[in-house]
Amino acid sequence: MVGDGEAETGPLATSWHSNKFLNPARDGAVLPILHLNGYKIANPTVLARLPQEELESLFVGYGYKPYFVEGSDPETMHLLMAETLDAITAEIKAIQQEARSHGYQQRRQWPMIILRSPKGWTGPQEVDGKQMEGSWRSHQVPLAEMASNPEHIQLLEDWMKSYHPETLFDQNGKLIPELAELAPKGDRRMGANPHANGGLLLKDLELPDFREYAVEVTAPGTAIAESTRVLGQFLRDVMQQNQENRNFRVMSPDENNSNRLNSVLEVTNRVSTAEILATDDHIDPEGRVMEVLSEHMCQGWLEGYLLTGRHGFFSCYEAFIHIVDSMFNQHAKWLESCIDIPWRRSIASLNYLLTSHVWRQDHNGFSHQDPGFLDVVTNKKAKVVRVYLPPDANTLLSVADHCLRSRQYVNVIVAGKQPELQWLDMDAAIKHCTTGLGIWEWASNDKGSEPDVVMACAGDVPTLETLAAVDFLRCHLPEIKIRVVNVVDLMTLQPRSEHPHGLSDVDFDSIFTTDKPIIFAFHGYPWLIHRLTYRRTNHSNLHVRGYKEEGTTTTPFDMVVINDLDRFHLANDAIDRLPKFRNSGAYVKQLIRDKWVEHRQYIVTVGKDLPEVEDWKWGYYNHSAPKTPSSVSANSQDKPSSPSVEGAEGSARSDA
């Protein structure tokens, strides 16, 4: 049922096109009823004022066969609606029967109803001498000032009695048996229909072992991979293994391939029941990838798919996921409200992959740079939201597997699609994702002593720049003691009293210290980290670098430079916060200033980043390979390293 006020919104206007994605050979059906009663809160509605011929042409153009049900006499309208519903039900069954008997042939016109009735139908005709029924006034409070206006009380009584309740209820207020008998029984009741309580129908996904898709990492920061392309191979096999159950779909606003998930198209296609040309790529009425250039439609499709007991995955450019902020809000509120309702079963989590993110917009520029969806998500209750920032492909695989298994959450994963350095082998990645954050011992040099500074990071590009800054500092200030902490589960930063994934204060203090400077490189807006950690002991020593609304079409490294997130800003911050290096660090600070000038001159002249940036790998500045982690024998050269992610002074675990 679509109100004519709601029909004026952009998402709903676009959603009429969903019929081009509906395959009667295998899908259900939707009967849209456009209810035109003429008014919004204070104004006439657009569609209600269209001439009938124009209105009919509009919906025929959308691909529907409109049936008009119009009038103001309730008894007449009741019979007309019943007759129309009977005719439409038969028509829908005929469309489905043909497709299911002979296979899908071509897109058919789906029936719809355009229902015209007066605004405030069967309410008071007039109130205080002003028209009420058939007027915008009936959208307001029809009868106000009830305590002080006896005329309004009488109007209300007359209004209620006009429905003749004495013919509907017995003397005890119970619905009379003849009417009660009309209601559907059992699962046919609206509230008891399992499709309205999708958790009753939910089947676990059959998931392949994500470890089999691991990128080989023999030493941290040397191998290169496109993380989301690796994820696409995993999702391909998720799709393949659940074809029989037909309970998994991928949604994307025309960005599936751009986001490097095109491996999915090896086992399915993009769905469309509109005209398909020979030149089209992987488009078929049977496809299970749903792409349309409307984030609203993708969100709405996925919500409906989850609510009816299935699973899905929504990939989107990070900057444009903001388009569905309010839809996310409503879904999150619904999830939270349902947690404590015992008869409502849990549904599969709503999983977002945000990529083409703020730090890698080499071609699109400022318009495609906004990491603020994380701020929106973290406003919701800890019961329902999870945010993950995997730094490489193996952590992304581990996080994705966890999210696809989870229930009753909104999971947000942010990961880049460009070729990037890989840090952890699969064993280490699993440990890291299980704890949510940890000390990267292979990048730190403070074990057995106290650090001078904690270099923390969350997000793939911030992780890269943090490790490059650590490499730079250890090269030019070899006496400095640095602890590197990576955060993959953002909610671990909150106290455990605020979020079930949060670290205890003891563990947080153990990892981040109680008195050492913390230089935190963050994927999003810096103040989000401060919001999550403001109660922590060492918050006063926390200095966060992140996106500061500086963007343009430029080189990848220049994007971090103009936002002060680059390795040289991070190194400079560390020196500034360590009085012991006030004198010896002066030469390093001078070198940093020279590097910024060199960078600017080079990109203006050559049009790409400095070789030391493009060619950087872990140990580059020190001109040495990464040290073999203590957990691996020094003579096992043929085995992948397994860097420790559990800090020397403690680790954190989460239960959900």
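Look up a bit, the structure's there.
Before going into details, it helps to say that this report is about the structure given with it. (Residues numbered from 1 in each chain as written. Predicted model: local features only at pLDDT ≥ 70, side-chain atom pairs only at ≥ 80, totals over all residues. Heavy atoms only, no water.)

Per the secondary structure count, the chain includes 18 helices and 21 strands. For the chain, the spread of C-alpha atoms along the principal axes amounts to about 90 × 65 × 50 Å. Within the chain, counting contacts between residues at least 6 apart in sequence, those at least 24 apart form 76% of the total. If you sum the accessible surface of the chain, you get close to 29,400 Å²; carbon and sulfur atoms cover 51% of it. Side chains of the chain carry 64 positive and 88 negative charges; the gap between the two charge centres is 3 Å. (Helix = DSSP H or I, 4+ residues; strand = E, 2+ residues; numbered from the N terminus. Contact = heavy atoms within 4.5 Å. Areas by Shrake-Rupley, 256 points an atom, 1.4 Å probe, with all protein chains shown as cover. Lys, Arg positive; Asp, Glu negative; His and termini not counted. Charge placed at Lys NZ, Arg CZ, Asp CG, Glu CD.)

This part covers helix 10 (residues 393-405). The first and last C-alpha atoms of helix 10 sit 19 Å apart over 13 residues, in line with the 18 Å expected at 1.5 Å per residue. The element helix 10 is extensively covered by neighbouring structure, given that eleven of its 13 residues are classed as buried. (Expected span 1.5 Å × (residues − 1). Buried < 20%, exposed > 50% of the residue type's maximum accessible area, 1.4 Å probe, protein only.)

This paragraph deals with the side chain of Ser 315. Secondary-structure assignment places Ser 315 in strand 12 (residues 311-317). Ser 315 sits in the buried class, given a relative accessible area of 0%. Among the polar contacts listed, one links the side chain of Ser 315 to the side chain of Asn 259, at a separation of 3.4 Å. (Polar contact = N/O pair within 3.5 Å; in protein donor to acceptor, adjacent residues only side chain to side chain.)

With the rule as written, the count across this model stands at two cavities of 30 Å³ or more. Considered as a void within the structure, the largest cavity measures approximately 70 Å³ in volume. The wall of the largest cavity is formed by Leu 493, Phe 508, Phe 512, Ile 518, Phe 520, Thr 533, Arg 536, Asn 538, His 539 and Leu 542. For the lining of the largest cavity, the elements supplying multiple residues, two or more each, are helix 13 (505-512) and strand 20 (518-522). Across the lining of the largest cavity, the residue classes break down as six nonpolar, three polar and one charged. Size it by volume and the second largest cavity reaches roughly 40 Å³. Together, Leu 22, Pro 24, Ile 95, Tyr 104, Gln 106, Arg 107, Arg 108, Trp 110 and Thr 273 line the second largest cavity. Split into classes, the residues belonging to the lining of the second largest cavity amount to five nonpolar, two polar and two charged. (1 Å grid on protein atoms, 1.4 Å probe; cavity = no way out; pocket = protein on both sides within 12 Å on 5 of 7 lines; lining within 4 Å. Points joined across faces, edges and corners; volume = space filled by probe spheres on them. Nonpolar A, V, L, I, M, F, W, Y, C, P; charged D, E, K, R; others polar.)

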